[in-house]
Amino acid sequence: MPQAPPAFLLPMTPSASTLVELRDVRFGYGERAILDGVSFTVPRGKVTALMGASGGGKTTVLRLIGGQVRAQRGEVLFDGQDIGRMNNEALYAARRRMGMLFQFGALFTDMSVFDNVAFPLREHTQLPAALVRDIVLMKLDAVGLRGARHLMPSEASGGMARRVALARAIALDPDLVMYDEPFAGLDPISLGTAARLIRQLNDTLGLTSVIVSHDLEETFRIADHVIILANGGIAAQGKPQDVRESTDPLVHQFVNALPEGPVHFHYPGVAVEEDFGNHAHGDRA
Ligand SMILES: Nc1ncnc2c1ncn2[C@@H]1O[C@H](COP(=O)(O)OP(=O)(O)OP(=O)(O)O)[C@@H](O)[C@H]1O
């Protein structure tokens, strides 16, 4: 009997409803696995929130999708193609379809708001200056900052800077936008504005959004799909309401922000009675 070809040789057909899929992914820095056996899908056209305790590997998932790191096992599919098996050319092409907004969305401080948003267009396209100008103004308009184009980043508030970074992230009309902690450090009003903007841009521009955030309330409000990472795997995924009502102890601890539960407050170490008053270990710290 002829043997079936190995799974990775089978052609992958992009799914109409899924833009990103992780299948049984393992990844660790060094020996320690940060993610082990992680599988989930990011539905096309929706806002997906990736949540979980600090250090649980959320940013690492974004880096796997962006191809900054490669899975040590399993597959990370973007529109049906395995990011981990792409050559540099294919990877750059895939990345051009992704907008990334990392923590505090660092702007180039020596460039105006306009030039910050124009940067990816000038860098990655041959568009004439007049068209670049129109696109930049359109993107700035989408985030409510067309009038602020001449400002330097130092003249913008934290919330405004975040919106400029967002305009820059969508400059090349990506299919996917990934946000790492888009609400960190924002006051409640700017936070609400940023959240609504993410939702609105997702829907009006036909994007797919992935948000890594610790802000439960705001994130649950705007997300269609929530994935909770814990202990290297997926603790829960589904509609925000379903996840909120989960009876799983770990998910319950997380969505109710309880200090104790399956996720421990203490970093693993020797027992407290072994550590205090015992100088035999010879620890200096
Ligand atoms: N470049 C690196 N080298 C070694 N370890 C790393 C590196 N980057 C991250 N880690 C470790 O990997 C784990 C997961 O990090 P990651 O940033 O993905 O978590 P996170 O869920 O995004 O955390 P947070 O919510 O605090 O941002 C952490 O324990 C972190 O210390």
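All figures in this text were calculated on a predicted structure; none of them were measured in a lab. (Residues numbered from 1 in each chain as written. Predicted model: local features only at pLDDT ≥ 70, side-chain atom pairs only at ≥ 80, totals over all residues. Heavy atoms only, no water.)

Trainee: Could you give an account of the sheet that holds strand β10 (residues 233–238), naming the residues involved and the relevant values?
Mentor: Spatial ordering of the open sheet is given by β6-β7-β8-β3-β9-β10, a layout of 6 strands whose pairing is mixed. Whereas interior strands pair on both sides, the edge strands pair on one side only; in this sheet they are β6 (98–101) and β10. Here the strands of the sheet are splayed against their neighbours by 15° on average, with no regard to which way each runs. Across 5 bridges, the pairing between strand β3 (residues 47–52) and strand β9 (residues 225–230) is parallel. Bridge assignment links Ala 49 to a residue of β9, and that residue is Val 226. Sitting on the sheet, helix α6 (residues 188–204) is in contact with β3, β7 (176–180) and β8 (208–212), with an inclination near 160° to β8. (Pairing = 2+ DSSP bridges. Helix = DSSP H or I, 4+ residues; strand = E, 2+ residues; numbered from the N terminus. Axes fitted to C-alpha atoms, helices over the stretch in contact; angles between N-to-C directions. Contact = heavy atoms within 4.5 Å.)

Trainee: How would you sum up the site of the ligand? Please name residues and give values.
Mentor: All residues adjacent to the ligand are Tyr 29, Arg 32, Ile 34, Ala 53, Ser 54, Gly 55, Gly 56, Gly 57, Lys 58, Thr 59, Thr 60 and His 214. Contact distances for the ligand include 2.5 Å between an oxygen atom and a side-chain N or O atom of Ser 54. Take Thr 60: an N or O atom from its side chain is 2.5 Å from an oxygen atom of the ligand. Here the ligand loses 60% of its free accessible area of 640 Å² to cover by the protein chains. Elements represented by at least two residues in the shell around the ligand include exactly β2 (32–43) and α1 (58–65). (Near = heavy atom within 4 Å. Polar contact = N/O pair within 3.5 Å; in protein donor to acceptor, adjacent residues only side chain to side chain. Areas by Shrake-Rupley, 256 points an atom, 1.4 Å probe, with all protein chains shown as cover.)

Trainee: Quick one: what's the story with the side chain of Thr 208, residue by residue and with numbers?
Mentor: Tracing the sequence through the fold places Thr 208 in strand β8. The buried category is assigned to Thr 208, whose relative accessible area is 2%. Polar contacts involving the side chain of Thr 208 include one to the main-chain amide nitrogen of Gly 45, which spans 2.7 Å. (Buried < 20%, exposed > 50% of the residue type's maximum accessible area, 1.4 Å probe, protein only.)

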